[in-house]
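Listed below, chain by chain, are the residues.
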Amino acid sequence: MSYGNVIVGAQGKQPLVSFGVISDVQYADIPDGRSFLGVPRYYRHSLLVLQRAVRSWNEKKVNFVINFGDIIDGFCPKEKSLSATEKVVGEFSNFCGDVYHMIGNHCLYNLPREKLLPLLSIDGHAYYDFSPVPEVRFVVLDGYDISAIGWPEDHPNRLKAIDILKENNPNVDKNSPEGLVGPPRRFVQFNGAVGEEQMEWLDCVLQDATKSNQRVVVCSHLPLDPRATSFAALLWNYEEVMEVVHRYSCVKVCLAGHTHRDGYVMDSRGVHHRVLAAALECPPGSDAFGSVDIFDDSLFVSGTDRMGDQEMVFN
Ligand SMILES: [Zn+2]
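Residues numbered from 1 in each chain as written. Predicted model: local features only at pLDDT ≥ 70, side-chain atom pairs only at ≥ 80, totals over all residues.

- Within an unreviewed UniProt entry, the label attached to the protein chain reads Manganese-dependent ADP-ribose/CDP-alcohol diphosphatase, and the organism entered is Salvia divinorum.
- According to the UniProt record, the Subunit (unreviewed entry) comment for the protein chain reads "Monomer." (UniProt positions renumbered as here; feature names shortened; annotations may be inferred.)

Overview of the overall build of the protein chain
- Scanning the protein chain from terminus to terminus reveals 8 helices and 14 strands.
- In terms of C-alpha radius of gyration, the protein chain reaches 18 Å, essentially the compact-globule figure of 20 Å for 315 residues.
- Counting only C-alpha atoms and orienting by the principal axes, one finds that the protein chain spans roughly 55 × 45 × 35 Å.
- Out of the 315 residues belonging to the protein chain, those deemed buried represent 50%.
- The contacts of the protein chain with a sequence gap of at least 6 include a subset with a gap of at least 24, amounting to 68%. (Helix = DSSP H or I, 4+ residues; strand = E, 2+ residues; numbered from the N terminus. Rg over C-alpha atoms; globule rule 2.2 N^0.38 Å. Buried ≥ 20, exposed ≤ 12 C-beta atoms within 10 Å, placed from the backbone. Contact = placed C-beta atoms within 7 Å.)

Quick notes on helix α7 (residues 196-211)
- Its 16 residues place the ends of α7 23 Å apart at the C-alpha level, agreeing with the 22 Å of an ideal helix rising 1.5 Å per residue.
- Those residues of α7 not exposed but buried are Leu202, Val205, Leu206 and Ala209. Along the long axis of α7, the arc covered by the buried residues comes to 95 degrees, so they all point the same way. Residues of α7 that are exposed and point more than 90 degrees away from the buried face comprise Glu196, Glu197, Glu200, Cys204 and Lys211.
- Of the surrounding secondary structure, the elements contacted by the buried residues of α7 are β6 (128-133), β7 (136-140), β8 (215-220), α8 (238-245) and β9 (251-256).
- Phi turns positive one or two residues past the end of α7, at Asn213, with a value near 60 degrees. (Expected span 1.5 Å × (residues − 1). Arc of directions from axis to C-beta.)

Concerning the sheet that holds β7
- If you trace the 6 strands from one edge of the open sheet to the other, you get β6-β7-β8-β9-β11-β10, paired in mixed fashion. Strands at the two margins of the open sheet, each flanked by one partner only, are β6 and β10 (263-266). Direction aside, the axes of adjacent strands within the sheet are offset by 15 degrees on average.
- As paired elements, β8 and β9 share 5 bridges and run parallel to each other. Along β9, the bridge assignment pairs Val216 with Val251.
- Across the sheet, α7 lies against β6, β7, β8 and β9, angled at about 175 degrees from β7, the strand it touches most. (Pairing = 2+ DSSP bridges. Axes fitted to C-alpha atoms, helices over the stretch in contact; angles between N-to-C directions.)

Observations concerning the nonpolar core
- One finds Cys219 and Ala279 to be the most contacted residues of the largest nonpolar core, which totals 94 residues.
- Sort the elements by how many residues they give to this core and helix α2 (residues 45-60) lands first, with 6 residues.
- The residues touching Ala279, leaving out its near neighbours within four places in the chain, are Ile22, Ser23, Asp24, Val25, Ser46, Val49, Leu50, Ala288 and Phe289. (Core = buried A, V, L, I, M, F, W, Y, C linked by C-beta atoms within 7 Å.)

Here's the deal with the sheet that holds strand β14 (residues 310-313)
- Here we have 6 strands laid out as an open sheet, ordered β5-β4-β1-β12-β13-β14, and mixed in their pairing. Of all the strands in the sheet, the pair left with one neighbour each is β5 (98-101) and β14. The average angle at which neighbouring strand axes cross in this sheet is 20 degrees, direction not considered.
- Judged from the 4 bridges that link them, strand β13 (residues 298-303) and β14 form a sheet pairing that is antiparallel. Looking at the pairing, Leu299 lines up with Met312 of β14.
- Sheet strands in contact with α2 are β1 (17-22), β4 (64-67) and β12 (290-294), and its direction is about 175 degrees off that of β1.

Thoughts on α8
- Within the span of α8, buried status applies to Tyr238, Val241, Met242 and Val245. For α8, the angular spread of buried residues about the axis comes to 95 degrees, placing them on one side.

Notes on the packing of α7 against α8
- Axis separation between α7 and α8 bottoms out at 9 Å; the angle between their running directions is 25 degrees. By the criterion of interaxial angle, the relationship of α7 to α8 is roughly parallel. The hand of the α7/α8 crossing is right-handed. Across from Met199, Leu202, Asp203 and Leu206 in α7, the residues of α8 making contact are Glu240, Val244 and Val245.
- For the contact of α7 with α8, the class distribution of residues is 5 nonpolar, no polar and 2 charged. (Parallel < 35°, antiparallel > 145°, perpendicular 65-115°, else oblique. Left-handed = near helix turned anticlockwise from the far one by under 90°. Nonpolar A, V, L, I, M, F, W, Y, C, P; charged D, E, K, R; others polar.)

Thoughts on the packing of α2 against helix α3 (residues 81-92)
- Closest axis-to-axis distance for the α2/α3 pair is 9 Å, and the angle between their directions is 20 degrees. Overall, the two elements α2 and α3 adopt an arrangement that is roughly parallel. Here Leu47, Leu50, Gln51 and Val54 of α2 lie close against α3, whose contacting residues are Val88, Glu91 and Phe92.

Notes on the confidence of the model for the protein chain
- Chain-level pLDDT for the protein chain is 95 on average; 97% of the residues reach the 70-or-more range.
- Below pLDDT 50 for its whole length, residues 1-10 participates in 16 contacts with residues either more than four positions away or in separate chains. (pLDDT = per-residue confidence, 0-100.)

What about unusual backbone geometry?
- Phi at Lys61 is positive, roughly 55 degrees, even though this residue is not glycine.
- Looking at the secondary structure, you find Lys61 in the loop between α2 and β4.
- For Asp305, which is not a glycine, the phi torsion comes out positive at approximately 50 degrees.
- Relative to the helices and strands, Asp305 is located in the loop between β13 and β14.

Shown next, in the form of structure tokens:
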């Protein structure tokens, strides 16, 4: 899939920063299977996709890598959760530079937060920001801040999530969006929300980025615009997050995973929303990873196979 034939223009310039992207590796040492909707999943091959991605990022000498979450699959046998996670993190560590991870639902099916975060070198909150060059800031959201998965049984964030699901999803199986229509289909257990404290933090970061005249890229496992994804993959409180984002004009692009297919929309305020295809669903020999160049006035995704190229010109 391609979003425009603009490769020549974008690549003729020197980027401010370049980084590698991959999403939904969902590795497990189990035979191939299918999603709930019947889409083939290649649990072992996805590790080979990651290996080829790392090789490509090293060859291209990108500055760092962002992993959009779900590095191991929920079907990974639980006694192998730790070793499988270490195996995937080990592959990422073959990249000659920093790797920024975010957590996904599948990671949390395997390991509780307190075990998962240190493995992903995430210290403290699973939301954070970084600025690789003065002109650009990355904001990584934790979409499982309010979530029924990953927290201890009696954790207030888990209890809050259970209340949200009870209020918005009448199904006994809270992983099922059956009967829900449109964006309300997002109220399923495999999604979550950004909590209040994180929302305040986001506001502060964007305020600071505005003062510093930075271009901001928001990264999230869960997509933030219903037109770029299937409704059942959206962040529960995407509207609240976008309300904060739209207070400022510094956010140029929102990148996400979780949906497994490429998706794109530019919202009414000119913010680009791009969802990245999953490594898990690449038939043997094919790939889904990319490298991204950020310029003064645009961002360019160079995708491989199932991940499409795209130029996004800043508003
Ligand atoms: Zn996911």
